[in-house]
Amino acid sequence: MKITYNKIFFYCFALLWSVLILCNLVTPEKTFSENENRLLAKLPSITNEKLINGEYMNELDEYINDQFVFRDNWIYLKTMAERAMLKPDINSVYFAKDNYLIEKHDKSDVEKEQAQRNKERLTEFVKKYVEKLGEDRVNVMLVPTASMVLKDKLPPFATGYDQDAYIKEVIKDLPQGTFIDVRNSLLQHKEEYIYYRTDHHWTALGAFYAYEQWAADAGFTPLSQEQFNITLASDQFLGTLHSRVNVKVKPDNIYLYELKEDRNYQLLYNLTDQKDTLYDLSKLEGKDKYSVYMGGNNALVQVKTNNKNGRRLLVIKDSYAHSFVPFAVNHYEETYMIDFRYYNAGVEAFVEENGITDVLVLYNTMNFVKDKNTANFLR
Amino acid sequence: MVFSSITFLFYFLPALIIIYYLAPKKLKNLVMIIASFVFYAWGEIRFIPIMLLLSIEDFICAKLMEKHRNNKNRRRIYMLISVCSNLGVLIFFKYTNFLLGNLFGVFGMDSPFVEIILPIGVSFNSFQSISYAIDVYRGTTSCEKKYYNYLAYTTLFPQIIAGPIVRYVTVENDLDDHILSQDSFSMGMRRFIIGLGKKVLIANNVGLLWSQIASGGAGDPSVLLYWIGILAYTFQIYFDFSGYSDMAIGLARIFGLSFDENFNYPYISKSITEFWRRWHITLGSWFRDYVYIPLGGNRCSKLKHLRNLFIVWALTGFWHGASWNFIFWGLYFAIILIAEKYFLLKVLDRIPSFFRHVYTIFLVMISWAIFYFEDLNQLKNYLMGMFGGQGIPLINYEALYYLLSYGVIFVLAAYFSTPHLKKVIQYTEKTTKKFVFVCATFAYVFVFIGCVAYLVDSTYNPFLYFRF
């Protein structure tokens, strides 16, 4: 038998093709992709209407695509191909220096009107509560994300939304002394482990430096790192940025800060679930390990301490606050965290009902710029 | 359905190949017809009854033309019925809103918007049917005797969505006598993989960059950024469309049919005249044979010849989309082609070929900007930006960042736009050296695997030519 190009090609290709087809046919259906952290498409139901307008076929295509065999390996292969073609970012995540993955914030991600509106609402909110609670009782902290603080690690010519400029504008508009500017303290410590390498959050250490800055600005003595037992809770944390690019990277460490001196915490989640710790260790078992801090995203969390100084702090926040609040609670009798993404019952009534004495607004800058729930500030 | 989808690559195509190769000779066309309807229905089930009716009518008209071949008037009537119904369907589905809008616009009124969905591939399908009617009328083609052969031809799934425009004569003999072998499968599949790679690995990638820049999502503009954008689009449109043609030609081959080539490395042209001989060849020759020459072509007075050119190019542009910018795009080429014909070619002949390439690709890139922006204000802004209007900087970080990000793809795209690749492929097809074709086989397999990876990963997979 003479070996020809067509024969070789035929047998090689047919072999590869049939193996893939068969594997695909025999692999059972998956409902959830651990890697992408989402439900995969389900086999669509067929109706006349969906058949006529083509929706059925679209859903079927999506189903077939989602369920294709070796899905995670294909995605990995694609990422490798992109890396081989020297793409500095994939799915809006930079491959930065020192094994850092850093989220890319494009200018076009931000709606200018929304950013402006959010700034105005914040200003109005702060002015209103300064009048109510007193001048030094209201603070705002917008935390820059890693793409600003760790700028030196970004690939050449990387640009993006200018958080620095936005923060400057906010400072200009807010009543003097209300904005806690953590940019410098984070920049000073940029060589330390203040942002996760695989996640978009800051670390507890990053939050600690911000907490020191807050204390300095507000004029109280912060706890020092020596007063805490710092324990490594996990060295297997692969965060959201890792999920977006799905490459093999060194996992992150999660550290917990527990006061050496005995403190008694009573937590109440969404008015129903009681806990007595700031750290929900059960979250370390799952994928979303960052939720160990304050138990992750909740509409309303109340923390009572045995520090009976009569001060009650309200933190209006996003998930950046979860690393920060464990430090802050120690200075208040009660601390409340509300998250406008899940809580929309109005702030004014809440402040009155709970006898709030202090307010802190804490977001990462990008979340705040894009936030669509800021109308809640004025309700 | 699109070729570049998991559904097509791992369900539809393998199933069809097995059934088709196993089916007895007499049933092969039936298998093909059913497959074509499934393929088409995937994207557009509602148009199928109209397509069936049209095919019956075209088939009968052609038969009647043949029957009355000695009566020119009757023949002409049947030809006109067939041509007008196809044109009518095309105009109704594609141009109603454009025509209404402009008609009402003339009287300063707001046009009522009619909700009409453009069926996929109707522009290609109607042109194909028209060519059949006219060819039979002219007697250059004999009419098809069997309806299901004609139906198989007119619905042939490899070309039904985005061409090439296959004339009946091209496939006439293949429809009756399918030559299938390991060779036809291998050669067809190789061609298909080339097309798939062009579409998935290059066109989709640069397309992403272009959509970002065109929508203003790429950050602050600069002159360089605008040029990077239009370069990306220039590559996207070529690799998308010629990739599609490659896939169609390859698939046809797998099923024992041969289609005409549709592209011949257009971006290496040294003049626009040459460009249009290399770009979308089946469309160019359609307009030449069924519009330009019947109007008198160039064998008439100079004035009439100019008129003919303007008509043909305005129509060519208009065929690409129901919007003024497409007409301008056609006329833009008309003007350049006339200029080349009357004096520019003589000038071009005397300058070094490097400058002729630059001249051609420059004009082509400008043309793609006209082609893309349906909103003339956006077009004006983009063109101004390309030439440093509006006080934008020459270079900025965004531009350099994207240049670095897509540098490798740009280089690959530029290389694959030249016929050097064709030489390599021809060499591998002819050689008897085992080492060479083992390597080549692995290269194809590698490209195929890469495409699957991108397809699984990506939801960004629109075929540009879907609006035709």
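Residues numbered from 1 in each chain as written. Chains lettered and ligands numbered in written order. Predicted model: local features only at pLDDT ≥ 70, side-chain atom pairs only at ≥ 80, totals over all residues.

Right, let's get into the overall build of chain A. When helices and strands are counted, chain A shows 13 helices and 14 strands. C-alpha atoms of chain A, sized along the principal axes, occupy 90 × 50 × 45 Å. Across the 379 residues of chain A, 36% fall into the buried class. (Helix = DSSP H or I, 4+ residues; strand = E, 2+ residues; numbered from the N terminus. Buried ≥ 20, exposed ≤ 12 C-beta atoms within 10 Å, placed from the backbone.)

Quick look at the interface of chain A and chain B now. The parts lose accessible area when they come together, and the size of an interface is often stated as this lost area. On the chain B side, the residues contacting the 39 residues of chain A number 41 residues. Among the elements of the structure, helix 1 (5-26), helix 2 (48-52), helix 3 (55-66) and helix 4 (71-84) of chain A are those that each provide at least two residues to the side of chain A that touches chain B. (Contact = placed C-beta atoms within 7 Å.)

Moving on to the sheet that holds strand 13 (residues 334-338) of chain A. All names here are of chain A. Pairing within the open sheet is mixed, and its 7 strands lie in the order 6-14-12-13-11-9-10. Only two strands of the sheet have a single neighbouring strand rather than two, namely strand 6 (138-143) and strand 10 (273-275). With direction set aside, neighbouring strand axes in the sheet form an average angle of 15 degrees. Here strand 12 (residues 312-317) runs beside strand 14 (residues 358-364); their pairing, made up of 5 bridges, is parallel. If you follow Ile 316 over to strand 14, its bridge partner there is Val 361. Against the sheet, helix 5 (residues 112-133) touches strand 6 and strand 14, its axis set at about 150 degrees to strand 6. (Pairing = 2+ DSSP bridges. Axes fitted to C-alpha atoms, helices over the stretch in contact; angles between N-to-C directions.)

All names here are of chain A. Bridge count between strand 9 (residues 265-269) and strand 11 (residues 300-305): 5 bridges; the pairing is antiparallel. Residue Tyr 265 lies in a different strand from strand 11, and its bridge partner there is Thr 305. Counted between consecutive antiparallel strands, the loop separating strand 9 from strand 10 contains 3 residues, among which Asn 270 sits at a positive phi close to 45 degrees.

Quick look at helix 11 (residues 321-328) of chain A now. Residues and elements named next belong to chain A. Of all 8 residues in helix 11, 8 are buried, a share of seventy percent or more. Within helix 11 the residues assigned to the buried category are Ala 321, His 322, Ser 323, Phe 324, Val 325, Pro 326, Phe 327 and Ala 328. Among the structural elements, helix 9 (204-218), strand 8 (252-259), strand 12, strand 13 and strand 14 are those in contact with the buried residues of helix 11.

Below, the discussion takes up the packing of helix 1 (residues 6-22) of chain B against helix 2 (residues 28-43) of chain B. Residue and element names in this part refer to chain B. One can describe the packing of helix 1 onto helix 2 by two numbers: an axis separation of 10 Å at closest approach and a directional angle of 165 degrees. Between helix 1 and helix 2, the angle falls in the class roughly antiparallel. Handedness of the crossing formed by helix 1 with helix 2: right-handed. Seen from helix 1, the contacting residues are Phe 12, Leu 16, Ile 19 and Tyr 20; seen from helix 2, they are Lys 28, Val 31, Met 32, Ala 35 and Phe 39. Its residues assigned to classes, the contact of helix 1 with helix 2 shows 8 nonpolar, no polar and 1 charged. (Parallel < 35°, antiparallel > 145°, perpendicular 65-115°, else oblique. Left-handed = near helix turned anticlockwise from the far one by under 90°. Nonpolar A, V, L, I, M, F, W, Y, C, P; charged D, E, K, R; others polar.)

Attention shifts here to the packing of helix 3 (residues 48-67) of chain B against helix 5 (residues 122-138) of chain B. When two helices pack together, their arrangement is captured by the angle between the axes and the distance separating the axes. Residue and element names in this part refer to chain B. Relative orientation of the contacting elements helix 3 and helix 5 amounts to 10 degrees, with a least axis distance of 9 Å. By the angle class used here, helix 3 and helix 5 are roughly parallel. Contact residues: Met 51, Leu 54, Asp 58, Cys 61, Ala 62, Met 65 and Glu 66 in helix 3; Asn 125, Ser 129, Tyr 132, Ala 133, Val 136 and Tyr 137 in helix 5. Partitioned by chemical class, the residues of the contact of helix 3 with helix 5 number 9 nonpolar, 2 polar and 2 charged.

Moving on: the domain arrangement of chain A. Residues and elements named next belong to chain A. Once the domains are mapped, chain A shows domain 1 (5-95) and domain 2 (109-378). Facing 12 residues of domain 1, the contacting portion of domain 2 comprises 10 residues. Elements supplying a minimum of two residues to the side of domain 1 that touches domain 2: helix 4 and strand 4 (93-95). The element contributing the most residues to the side of domain 1 that touches domain 2 is helix 4, with 3 residues. Of the residues in the side of domain 1 that touches domain 2, the class split is 6 nonpolar, 4 polar and 2 charged. (Domains from an automatic or database assignment.)

Before going further, it helps to examine the nonpolar core. Residues Met 141, Val 315 and Phe 324 of chain A together with Val 206 of chain B are the most contacted members of the largest nonpolar core, which totals 195 residues. Here the element with the most residues in this core is helix 10 (residues 223-254) of chain B; it accounts for 19 residues. Ignoring any residue separated from it by four or fewer positions in sequence, one finds Val 206 of chain B in contact with Ala 232, Phe 235, Gln 236, Tyr 406, Ile 409 and Ala 413 of chain B. One finds Phe 275, Tyr 292, Leu 309 and Ile 336 of chain B within the second-largest nonpolar core, a separate group that totals 13 residues. (Core = buried A, V, L, I, M, F, W, Y, C linked by C-beta atoms within 7 Å.)

Next up on the list: the sheet that holds strand 4 of chain A. An order of 3-4-5 (chain A) is seen for the 3 strands of this open sheet, with the pairing classed as antiparallel. Each end of this open sheet is capped by a strand with a single partner; those strands are strand 3 (89-90) and strand 5 (101-103) of chain A.

On to the confidence of the model for chain B, then. In low-pLDDT segments, the atomic positions of the prediction should not be examined closely. Residue and element names in this part refer to chain B. With 97% of its residues at a pLDDT of 70 or more, chain B has an overall mean of 87. Low pLDDT, under 50, characterises residues 460-468; the stretch is placed with 23 contacts to residues that sit more than four places away or in other chains. The ipTM for the predicted assembly is 0.82, set against a pTM of 0.86. (pLDDT = per-residue confidence, 0-100.)

Bringing the domain arrangement of chain B into the picture now. Residues and elements named next belong to chain B. Looking at chain B, the domain boundaries give domain 1 (6-178) and domain 2 (184-467). Computed from C-alpha atoms alone, the centre-to-centre distance between domain 1 and domain 2 is 26 Å. Among the secondary structure elements, those contributing two or more residues to the side of domain 1 that touches domain 2 are helix 1, helix 4 (72-106), helix 5, helix 7 (157-160) and helix 8 (168-176). The biggest single contributor to the side of domain 1 that touches domain 2 is helix 5, with 5 residues. Split into classes, the residues belonging to the side of domain 1 that touches domain 2 amount to 17 nonpolar, 7 polar and 2 charged.

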